[in-house]
Amino acid sequence: MKTPQAERERSLPDSRLPHRKRALRTKSDSDTLPRPGAAYLLPAVIFFGVFAVVPLALVVVLSFSSWPGFGEIQWTGLDNWERLLGDSRVWESTRITLMLTALGWLTQTPMALLIGVWAAGPQRNRAVLSSIFFLPLLLSSAAIAVLFHRFLDPNYGMARELGPLFGLPDGNIIGSSQGAFITIVFVSGWQWIPFHTLLYQAGARNIPTVLYDAATIDGASRSAMFWRITVPQLRHTIVTSSVIMVVGSLITFETVLLLTGGGPGGATRILPYLMYTAGFESFEMGYAAAIATVLVVVATTMSLIIVKFSGFAKMRSTLEGM
Amino acid sequence: MTASSPIRRRTFLAAIGASATALATGACGSDDSDNSGAETVDPADASGEIDVWALTEDALNPVSQDSLDRFFHTEESNVTANLITESNDSYRDVLQTIIDTDQRPDIFFNWGGGSIRSYVQAGLVEDLTPYLENDPEFRDTFLPSVLEAGQIDGAYYGIPMRTMQPKLMFYNTAVFDDVGVSVPTTWQEFLDAADAFNDAGITPVAVAGADSWTLLMWVEYLTDRLGGAQVFRDITEGTGEGWRHPAITEMVNTIRDLVDRGVFGNAFASVQYDDSGPLLEDGMAAMMLSGSWEYTNFLNSNPDFVQNSLEWGPFPAIEGGEGDPDNVAGNPTNYFSVHANSPLKEVAIEYLKQEMGSDEYVQDLLDIGDIPAVADIEPLIEGHEHEEYFSFVYNMAANAPNFQLSWDQAIDRPQAEPMLEAIENVFLGNLDAEGFIQANEDAAS
């Protein structure tokens, strides 16, 4: 005979009380429940294997060869890797890539966090403004890059008016090393902040209002609530957003290709662009594969570091004790 | 008449599949390459299909199609020809993927030099030297300087198939009149004119610094005028030593001086190629060094400007320089090459022999504004709507002791990108002569 207490618990979502629920379940009960078997994984595993693992493995294999894209593959052992370690262009590109990633994270995270929390409010004007603000999400990276290029032309665009505001007379913005670098950071931000805002908006809406109610009763100021409730409660969103941001920055490509072409003088020649020129301008597929492998290693390492040091892996709920 | 069709996606995918197989078999260390086994057939009783690959170009494609029809669409011919086109952006990638597979073309468009050197070294391109040497009439159909520019390691692999594109100076005479200077013919006059324009608040020279290949034009001409044609020939040896020639140092110093004088204005590094022509057209700049195609661009955007205030001339002679002032830099032309493994290569060569210099073909090219590298076509140019410009460009190329292929096309691919970047850095003031030479030597080693 089931008690009313057991009946109530059963109606709760599984995740809330899993172990207690299992204890209450009878043997015959669990046997009739359809449980996912290993076969359910198969489509995802095949897809991931064919389109991610196999190409990745082939890239690593290719990095030990010399191949122009046709004909015989020459196995060259560690030649590409030796060349890579001694190639000042690779090191310079790595430095630029890491700078771009760091600067991108530093500018995008606070902006997206603030706008996201603001947009999470129930007011109607916020809903309208934030849906307008999300529009860049609908544009392709290529379109955005081309648009900004027209915009920044020193003679026919706005650069002549804008440049002096940033200490760049004559509108020579993307023609100067620093200007080009900042432009890439800005355009990437313009394009991606809306996406991360969306993450923060969703995250902020999930924070139970009782926390704010309690804080209000305690007499907490708005900024105290933001720093002591909102930000800690968004911890997991910050980690997720940061991983996406960092990995995304590491593989930025179209913006650089179309906006600066890695220039001026290599000032925005990031690793993915270097890989592209090695593979599809110089047709040195083996060397390009070695650069690609470095990118994979760097991106994986950085996301592991973020996950490890943020405590994300422990998966502790932000709603503990609620 | 069959319409030209884009290279089928399926063909391309099949080729990628084939490459993947090559990768797999290559991994087993097998050696099954077979570049020598192509059987050739006597053109008279040949039958089959010939695939001709070209760029997708609205004006040129019908001319090529007509030419193929004239040769293959006859009673005697059992061979049919397919014109297959691919856009400029993806042509090189598709060709690279497919060149060593069963889907390979029989005749293919290319830019000569570095664009086919690796195919030549892999034995995939038919050596046309014997055909040209045994048939002087065939050889003399084309301008010698252009034919030579298409040589690789002393052998001919390409037949000129379309317009020549020498680089030359363009001037906006309206601006010259306003400021009261005349169009320069010598280097000193050029510098004086630049100073005068700077004083008048007009950018002396329009250059698209955001696209390094436009900066390369200045490097090419200055090197040639200062040190002669041999300087770059030594560089193409690829050892890196060629960059040590004193003319290279002088060239870098000259460019740095030009930039410091404000000859290119202060924002040239932000200007993209598409926005550089309009600067000359709108009178915001007075001079521009560009390829012969620029005339067509001006004609399309502003016929009045071409009519009233456009003038052109060779790159100024430099007093005391070793180079011949008649030397020309640019893209000598584009070429048709024949695949060495094509079973119908004799037919393909016969087609090129008969058609690439034929009066009909030349006339068709002239009608779309192309100036082909065919010898003795002055009578056909005479009386043409753009006779003045056409005959200037034609004579410039025809009389050039040396027609230098663009450097980024002529040197080995892996060295081109670092070279262009180093050139950008010279213009930006980030590299001096020693730094420039060092960067190129590093790339060559």
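The structure displayed is predicted, hence computed values, not measured ones.

**Re the overall build of chain A**
Next up, step 1: Regarding its fold elements, chain A presents 16 helices and two strands.
Next up, step 2: The buried share of chain A, taken over its 322 residues, is 40%.
Next up, step 3: Residue pairs in contact within chain A that sit at least 24 positions apart in sequence constitute 64% of those at least 6 positions apart.
Next up, step 4: Surface exposure of chain A reaches about 18500 Å², of which carbon and sulfur atoms provide 69%.

**Regarding the pattern of salt bridges**
Next up, step 1: Taken as a whole and judged by the stated rule, the model has 20 salt bridges over all chains.
Next up, step 2: Between A:Glu281 and B:Arg92 there is a salt bridge; the shortest N-O distance is 3.4 Å. One end of the pair, A:Glu281, is in helix 15 (residues 271-281); the other, B:Arg92, is in helix 3 (residues 88-98), on a second chain.
Next up, step 3: Judged by relative accessible area, which is 27%, A:Glu281 ranks as partly exposed.
Next up, step 4: The partner of B:Glu126 in a salt bridge is B:Lys345, with the nearest N and O atoms 3.1 Å apart. In this pair, B:Glu126 sits in the loop between helix 4 (114-121) and helix 5 (129-133) while B:Lys345 sits in helix 16 (residues 345-355), placing the two residues 219 residues apart along the sequence. In terms of burial, B:Glu126 and B:Lys345 fall into one category: buried.
Next up, step 5: A single salt-bridge network, built from bridges that share partners, covers A:Arg89, A:Arg269 and B:Glu421.

**Quick word on the packing of aromatic side chains**
Next up, step 1: Across all of its chains, the model carries 41 aromatic pairs over all chains by this definition.
Next up, step 2: By the ring-pair criterion, three or more aromatic residues cluster together here, those being B:Trp187, B:Phe190, B:Trp218, B:Tyr221, B:Phe264, B:Phe268, B:Phe315 and B:Phe427.

**Looking at the environment of A:Pro136**
Residues and elements named next belong to chain A.
Next up, step 1: Looking at where Pro136 falls in the secondary structure, it is placed in the loop between helix 7 (124-133) and helix 8 (141-151).
Next up, step 2: In sequence terms Pro136 and Pro194 are 58 residues apart; their C-alpha atoms lie 7.1 Å from each other.
Next up, step 3: Aside from chain neighbours lying at most four places away, what touches Pro136 is Ile144, Trp190, Gln191 and Pro194.

**Looking at the packing of helix 2 (residues 60-72) of chain B against helix 16 of chain B**
Residue and element names in this part refer to chain B.
Next up, step 1: Put simply, helix 2 and helix 16 touch, their axes get as near as 10 Å, and they point 115 degrees apart. As judged from the angle between their axes, helix 2 and helix 16 are roughly perpendicular. The crossing of helix 2 and helix 16 is right-handed. Contacts between helix 2 and helix 16 involve Ser64, Ser67, Leu68, Arg70, Phe71 and Phe72 on the former and, on the latter, Val347, Glu350, Tyr351, Gln354 and Glu355.
Next up, step 2: Split by residue class, the contact of helix 2 with helix 16 holds five nonpolar, three polar and three charged.

**Regarding the nonpolar core**
All names here are of chain B.
Next up, step 1: Ranked by size, the top nonpolar core spans 148 residues in total, and within it Phe190, Trp218, Phe264, Met287 and Phe427 carry the most contacts.
Next up, step 2: Counting residues per element, this core draws most heavily on helix 10 (residues 212-227), at eight residues.
Next up, step 3: Taken together, domain 1 (5-164 + 332-375) and domain 2 (166-330 + 408-444) each give at least three residues to this core, which thus spans both.
Next up, step 4: Contact partners of Phe427, with chain neighbours within four places excluded, come to Leu215, Trp218, Val219, Ile255, Val259, Phe264 and Phe268.

**Topic: the UniProt feature "transmembrane region" (unreviewed entry) in chain A**
Next up, step 1: Annotation from UniProt places "transmembrane region" (unreviewed entry) at residues 40-64, 96-120, 132-152, 172-193, 243-265 and 285-307 of chain A.
Next up, step 2: Between the C-alpha atoms that bound residues 40-64 of chain A there is a distance of 37 Å. The span itself is 84% helix and 0% strand.

**Observations regarding the interface of chain A and chain B**
Next up, step 1: Each partner contributes to the interface: chain A provides 37 residues, whereas chain B provides 38 residues.
Next up, step 2: Both sides of the chain A and chain B interface together cover about 3100 Å² of buried area, and 52% of this is carbon and sulfur.
Next up, step 3: Area buried by chain A at its contact with chain B is led by A:Phe70, A:Tyr156 and A:Phe283, which between them contribute 22% of it.
Next up, step 4: Along the contact surface separating chain A from chain B lie four salt bridges.
Next up, step 5: Of the charged contacts, one joins A:Arg150 and B:Asp275 as a salt bridge, the two residues approaching to 3.2 Å between their closest N and O atoms.
Next up, step 6: Linking chain A to chain B there are 15 residue pairs in polar contact (both at pLDDT 80 or more).
Next up, step 7: Counting only elements with at least two residues in the side of chain A that touches chain B, the list comes to helix 4 (42-62), helix 8 and helix 15 of chain A.
Next up, step 8: Tallying contributions element by element places helix 15 of chain A first for the side of chain A that touches chain B, with four residues.
Next up, step 9: Among the residues forming the side of chain A that touches chain B, the class breakdown is 16 nonpolar, 13 polar and eight charged.

**Regarding the side chain of B:Glu417**
Next up, step 1: Relative to the helices and strands, B:Glu417 resides in helix 21 (residues 413-427).
Next up, step 2: Among buried Asp, Glu, Lys and Arg side chains, B:Glu417 stands out as unpaired, with A:Arg89 the closest opposite charge at 5.3 Å.
Next up, step 3: When sequence neighbours within four positions are dropped, the list of residues in contact with B:Glu417 reads A:Arg89, A:Tyr273, A:Thr277 and A:Glu281.

**Some points on unusual backbone geometry**
The bulk of non-glycine residues show a negative phi, and the bulk of peptide bonds are trans.
Next up, step 1: Although it is not a glycine, A:Phe283 sits at a positive phi angle of roughly 55 degrees.
Next up, step 2: Within the element layout of this structure, A:Phe283 appears in the loop between helix 15 and helix 16 (285-310).

**Describing the confidence of the model for chain A**
Interpreting fine coordinate detail is not advised for predicted regions of low pLDDT.
All names here are of chain A.
Next up, step 1: Here chain A averages 83 in pLDDT, and 86% of its residues register 70 or above.
Next up, step 2: By mean pLDDT, the top-scoring element of chain A is helix 6 (residues 88-119) (93), and the lowest-scoring one is helix 1 (residues 4-10) (46).
Next up, step 3: Low pLDDT, under 50, characterises residues 1-25; the predicted model gives this stretch 14 contacts beyond four residues in sequence or across chains.

**Describing the packing of helix 21 of chain B against helix 22 (residues 433-444) of chain B**
Residue and element names in this part refer to chain B.
Next up, step 1: Orientation of helix 21 relative to helix 22, taken along the N-to-C sense of each, is 170 degrees, at an axis distance of 9 Å. The angle between helix 21 and helix 22 places the two elements in the roughly antiparallel class. The residues of helix 22 that touch helix 21, namely those facing Gln415, Pro418, Met419, Ala422, Ile423 and Val426, are Phe436, Ala439, Asn440, Ala443 and Ala444.
Next up, step 2: Split into classes, the residues belonging to the contact of helix 21 with helix 22 amount to nine nonpolar, two polar and no charged.

**Let's talk about the environment of A:Val59**
Residues and elements named next belong to chain A.
Next up, step 1: Counting through the fold element by element, Val59 comes out in helix 4.
Next up, step 2: A C-alpha to C-alpha distance of 8.3 Å links Val59 and Gly286, two positions 227 residues apart in sequence.
Next up, step 3: Those residues in contact with Val59 that lie beyond four places of it in its chain are Ala289, Ala292 and Thr293.

Scoring rules and cut-offs
Residues numbered from 1 in each chain as written. Chains lettered and ligands numbered in written order. Predicted model: local features only at pLDDT ≥ 70, side-chain atom pairs only at ≥ 80, totals over all residues. Heavy atoms only, no water. Helix = DSSP H or I, 4+ residues; strand = E, 2+ residues; numbered from the N terminus. Buried < 20%, exposed > 50% of the residue type's maximum accessible area, 1.4 Å probe, protein only. Contact = heavy atoms within 4.5 Å. Areas by Shrake-Rupley, 256 points an atom, 1.4 Å probe, with all protein chains shown as cover. Salt bridge = Lys/Arg side-chain N within 4 Å of Asp/Glu carboxyl O. Phe/Tyr/Trp six-rings, centres within 6.5 Å; stacked < 30°, edge-to-face > 60°. Axes fitted to C-alpha atoms, helices over the stretch in contact; angles between N-to-C directions. Parallel < 35°, antiparallel > 145°, perpendicular 65-115°, else oblique. Left-handed = near helix turned anticlockwise from the far one by under 90°. Nonpolar A, V, L, I, M, F, W, Y, C, P; charged D, E, K, R; others polar. Core = buried A, V, L, I, M, F, W, Y, C linked by side-chain atoms within 4.5 Å. Domains from an automatic or database assignment. UniProt positions renumbered as here; feature names shortened; annotations may be inferred. Buried area = accessible area lost by both parts, 1.4 Å probe. Polar contact = N/O pair within 3.5 Å; in protein donor to acceptor, adjacent residues only side chain to side chain. Lys, Arg positive; Asp, Glu negative; His and termini not counted. pLDDT = per-residue confidence, 0-100.

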